Amino acid sequence: MRRIQILHALCDLYTSKLCGIGFVDPYTQESTIPKLLDINLARTISHCRLCPRSKIQNPKIGYINPNAKVIFIVEFAMGDGDVLLDSKSSQMLYNIANNVFQTQEFSVFSLLKCGTHESNEQERNQCKPYLIRQIQESSALCVIIFGNVVLESILGLDPSHKGTLLDVFGKKSVATYAISELLRNPTFKKEALKHFMLLQKFIK
């Protein structure tokens, strides 16, 4: 009986797959995003409809520079393709890239691809494999994680790991305050700068 139920479930999944629906396993850090009919990762993300967030806003793949030397990871999407949204947060990332790492070549990936409202664990787990694949496929040398939500979601670490050298899927990384925290409380910027400087030698 159990075998028949599994076969029926597989039949339903394959039927959905043929209709262009993508699936991810939210319970593993390894990506299980299928390349449907050779559709690339960016297109798979932009067509994702796995959770209700996509009904409020279409998924955004993030700001992607194929020559990026550093990846900034934030909680909510700040760009789509080669367009970085014009905001105070974006200007801060430009300043960090230019003034700290002396580069204009960076990418901005987000944990959540849709909306800017508070997320729940299920939504974060559904988006996480997309982010992991983006990190793994990027040629960037280093990763900066902004905020406790992102740090806990992708590495399972608590805030005490901010400002320590980490490994994110083979790339050198450091976690720091969320962009919103840095904007609200400029006193955090001095500490964040110390965090960023841990990666300088790896980018150069």
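These numbers come from a predicted model, not from an experiment.

1. What to know about the overall build of the protein chain
So, point 1. Along the protein chain, the regular secondary structure elements total nine helices and eight strands.
So, point 2. Within the protein chain, the proportion of its 204 residues that are buried is 45%.
So, point 3. For the protein chain, the proportion of contacts with a sequence separation of at least 24, taken over those separated by at least 6, is 66%.
So, point 4. Accessible surface computed for the protein chain: about 11,300 Å², of which carbon and sulfur atoms make up 54%.

2. Some points on the pattern of salt bridges
So, point 1. Counted by the stated rule, this structure contains three salt bridges.
So, point 2. Between Arg53 and Glu123 there is a salt bridge whose closest N-O contact spans 3.1 Å. Residue Arg53 is found in helix 3 (residues 53-56), and its partner Glu123 is found in helix 5 (residues 121-137); the two are separated by 70 residues along the sequence.
So, point 3. Taking relative accessible area as the criterion, Arg53 reaches 1% and is therefore assigned buried.
So, point 4. Judged by relative accessible area, which is 11%, Glu123 ranks as buried.
So, point 5. A salt bridge links Glu137 to Arg133; its shortest N-O distance comes to 2.8 Å. Of the two residues, Glu137 and Arg133 both sit in helix 5, four residues apart, roughly one turn of that helix.

3. Comments concerning the nonpolar core
For soluble globular proteins, the rule of thumb is that nonpolar side chains tend to be buried together.
So, point 1. Ranked by internal contacts, the top residues of the largest apolar core, which has 25 residues, are Phe72, Ile96, Phe101, Val108, Ile144 and Phe146.
So, point 2. Of all elements in the fold, only strand 2 (70-76), helix 4 (88-100), strand 5 (106-112), strand 6 (142-146), helix 7 (179-184) and helix 8 (188-197) reach the threshold of two or more residues within this core.
So, point 3. With five residues, the single largest contributor to this core is helix 4.
So, point 4. Grouped together as the second largest cluster of nonpolar side chains are 19 residues, Cys127, Ala140, Ile145 and Leu166 included.

4. Thoughts on the environment of Gly81
So, point 1. Within the fold, Gly81 resides in strand 3 (residues 79-81).
So, point 2. Between the C-alpha atom of Gly81 and that of Ile64, which follows or precedes it by 17 residues, the distance is 5.4 Å.
So, point 3. Residues contacting Gly81, with those up to four places away along its chain left out, are Ile61, Gly62, Tyr63 and Ile64.

Parameters and conventions
- Residues numbered from 1 in each chain as written.
- Predicted model: local features only at pLDDT ≥ 70, side-chain atom pairs only at ≥ 80, totals over all residues.
- Heavy atoms only, no water.
- Helix = DSSP H or I, 4+ residues; strand = E, 2+ residues; numbered from the N terminus.
- Buried < 20%, exposed > 50% of the residue type's maximum accessible area, 1.4 Å probe, protein only.
- Contact = heavy atoms within 4.5 Å.
- Areas by Shrake-Rupley, 256 points an atom, 1.4 Å probe, with all protein chains shown as cover.
- Salt bridge = Lys/Arg side-chain N within 4 Å of Asp/Glu carboxyl O.
- Core = buried A, V, L, I, M, F, W, Y, C linked by side-chain atoms within 4.5 Å.

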